[in-house]
Amino acid sequence: FAIQDLGPICIPQTKLTVPGYKWPTKYMNAIARALWTKAVNVNILLSNPHSIPGGLTALEANYGNGWTCVDVAAEIIKRVKKQFKKVDDADLRNIV
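Residues numbered from 1 in each chain as written. Predicted model: local features only at pLDDT ≥ 70, side-chain atom pairs only at ≥ 80, totals over all residues. Heavy atoms only, no water.

A word on the confidence of the model for the protein chain
Operational definition: One confidence number per residue, pLDDT, is output by the predictor and ranges from 0 to 100. Only DSSP runs of H or I covering at least 4 residues are called helices, and only runs of E covering at least 2 are called strands; the numbering of each starts at the N terminus.
Mean pLDDT over the protein chain stands at 87; residues scoring 70 or higher make up 96%. The least confident element of the protein chain is helix α3 (residues 89-95), whose mean pLDDT is 88; the most confident is helix α1 (residues 25-38), at 94.

Concerning unusual backbone geometry
Using the following cut-off: Relative accessibility under 20% of the residue-type maximum defines a buried residue, over 50% an exposed one, and the middle range a partly exposed one, all with a 1.4 Å probe and only protein chains included.
Despite not being glycine, A39 has its phi angle at roughly 50°, a positive value. Looking at the element boundaries, A39 is found in the loop between α1 and α2 (69-83). The exposed category is assigned to A39, whose relative accessible area is 63%.

A few points about the packing of aromatic side chains
The line we're drawing: Two rings from Phe, Tyr or Trp (for Trp, the six-membered ring) form a pair when their centres are within 6.5 Å of each other. A pair whose planes differ by under 30 degrees is stacked, one over 60 is edge-to-face, and the rest are tilted.
In total, this model carries one aromatic pair according to the counting rule given. Centroid distance W23 to W67: 5.1 Å. Interplanar angle 50°. Geometry classified as tilted. Of this pair, W23 sits in the segment before α1 while W67 sits in the loop between α1 and α2, and the two are 44 residues apart along the sequence.

Topic: α2
At 3.6 residues per turn, the α-helix brings residues three or four places apart onto the same side. Put simply, the test is: Expected helix span is computed as 1.5 Å times (number of residues minus one). The arc in question is formed by the directions pointing from the helix axis toward the C-beta atoms. Only heavy atoms enter the contact rule, under which two residues are in contact if any of them lie within 4.5 Å.
Between the first and last C-alpha of α2 there are 21 Å, a value that for 15 residues agrees with the 21 Å anticipated at 1.5 Å per step. Here α2 has its buried residues at V72, E75, I76, R79 and V80. Buried positions in α2, seen along its axis, are confined to an arc of 145° and lie on one side of it. Exposed residues pointing more than 90 degrees away from the buried face of α2 are listed as V70, K78 and K82. Where the residues of α2 are buried, they touch α1 and α3.

Looking at the nonpolar core
Condition: Residues belong to a common nonpolar core when they are buried Ala, Val, Leu, Ile, Met, Phe, Trp, Tyr or Cys residues joined through side-chain atoms within 4.5 Å.
Counting 14 residues, the largest nonpolar core has L6, W23, M28, W67, V72, I76 and V80 as its most contacted members. Residue assignment for this core shows that the elements contributing at least two residues are α1 and α2. Top element by residues in this core is α1. It accounts for four residues. Non-local contacts of W67, meaning those with residues more than four positions away in its chain, are made with G7, P8, C10, K15, T17, W23, L46, S47, P49 and V72.

Some words on a nonpolar patch on the surface
Let me state the cut-off plainly: The patches described consist of residues with a relative accessible area above 30% and no salt bridge, like charges being joined within 9 Å and nonpolar side chains (Val, Leu, Ile, Met, Phe, Trp, Tyr) within 5 Å. To measure how exposed things are, a 1.4 Å probe is used in the Shrake-Rupley method; for residues, cover is taken only from the protein chains shown. A pair is scored as a salt bridge if a Lys or Arg side-chain nitrogen falls within 4 Å of a carboxyl oxygen belonging to Asp or Glu.
Together, V40, V42 and I44 line one region of the surface with nonpolar side chains, adding up to about 180 Å² of accessible area. Tracing the chain through its elements places V40 in the loop between α1 and α2. Residue class for V40 comes out partly exposed when judged on its relative accessible area of 33%.

A short note on the environment of V80
By the element assignment, V80 lies in helix α2. When its relative accessible area of 0% is taken as the criterion, V80 is described as buried. In this structure, the C-alpha to C-alpha distance between V80 and M28, residues 52 residues apart in sequence, is 9.0 Å. What V80 contacts, discounting residues up to four positions off in sequence, is A32, W36, V87 and L92.

Structure, rendered in structure tokens:
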């Protein structure tokens, strides 16, 4: 599937989400479950945080919602731990 960005819009220069926005729980849970239970490969391509095409403003075209690859990986790790209680951290680091 494809969506613009996985994370919610965050306030520029912060890791605070814009009020009313949140991580897409169903998608993140499904990705975490597939990684943990089926050992599938998941490739995620993100725009650079707050990526704006040349000559435009953030209001005209903002391709990245402000999250890095590390941020998205951390959110997936949280989802694995929330769904599965006996998670070995070393094993988890190997799959995410």
